Amino acid sequence: MTTAREQRKAQMAAAAAWRSGPDPSPAGRTAIRTKPVRITLDLSPELYRQLTQWTDSAAVALDVPRVSLADAVRAMIRVTAENPGEVLDRLRRDREP
């Protein structure tokens, strides 16, 4: 019977041998994540009210029954990624004493 340490050592040796075989993939490469990442965000009651009011007005502007909070936050992230300057300025102002 082999010990857990011996099994692990054998697994590591097999992985090293596979990486040195013909046409190995580069070391350190990870799989591309396809499953969505879940985040949790705590908002003050006032920020939550502002967000829900904004989504309500966005639904009216888009002529749809409802804009979900998740869709709104996703859109805000995309806009932020395209124009980070304004967000950085806001972060600076929010952190000032």
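Above this text you will find the structure in question.
Residues numbered from 1 in each chain as written. Predicted model: local features only at pLDDT ≥ 70, side-chain atom pairs only at ≥ 80, totals over all residues. Heavy atoms only, no water.

(A) Here's a closer look at the pattern of salt bridges. The final tally for this structure, using the stated rule, is four salt bridges. Arginine 92 is the partner of aspartate 89 in a salt bridge, and the nearest nitrogen-oxygen pair spans 3.1 Å. Placement of both aspartate 89 and arginine 92 in helix 4 (residues 84-95) is noted, with a separation of three residues, approximately one turn of the helix. Owing to a relative accessible area of 39%, aspartate 89 belongs among the partly exposed residues under this scheme. Residue aspartate 94 pairs with arginine 90 through a salt bridge whose shortest N-O separation is 3.0 Å. Of this pair, aspartate 94 and arginine 90 both sit in helix 4, four residues apart, roughly one helical turn. (Salt bridge = Lys/Arg side-chain N within 4 Å of Asp/Glu carboxyl O. Helix = DSSP H or I, 4+ residues; strand = E, 2+ residues; numbered from the N terminus. Buried < 20%, exposed > 50% of the residue type's maximum accessible area, 1.4 Å probe, protein only.)

(B) Expanded view of the side chain of serine 68. Tracing the sequence through the fold places serine 68 in the loop between helix 2 (45-62) and helix 3 (69-82). Residue classification places serine 68 among the buried positions, given a relative accessible area of 18%.

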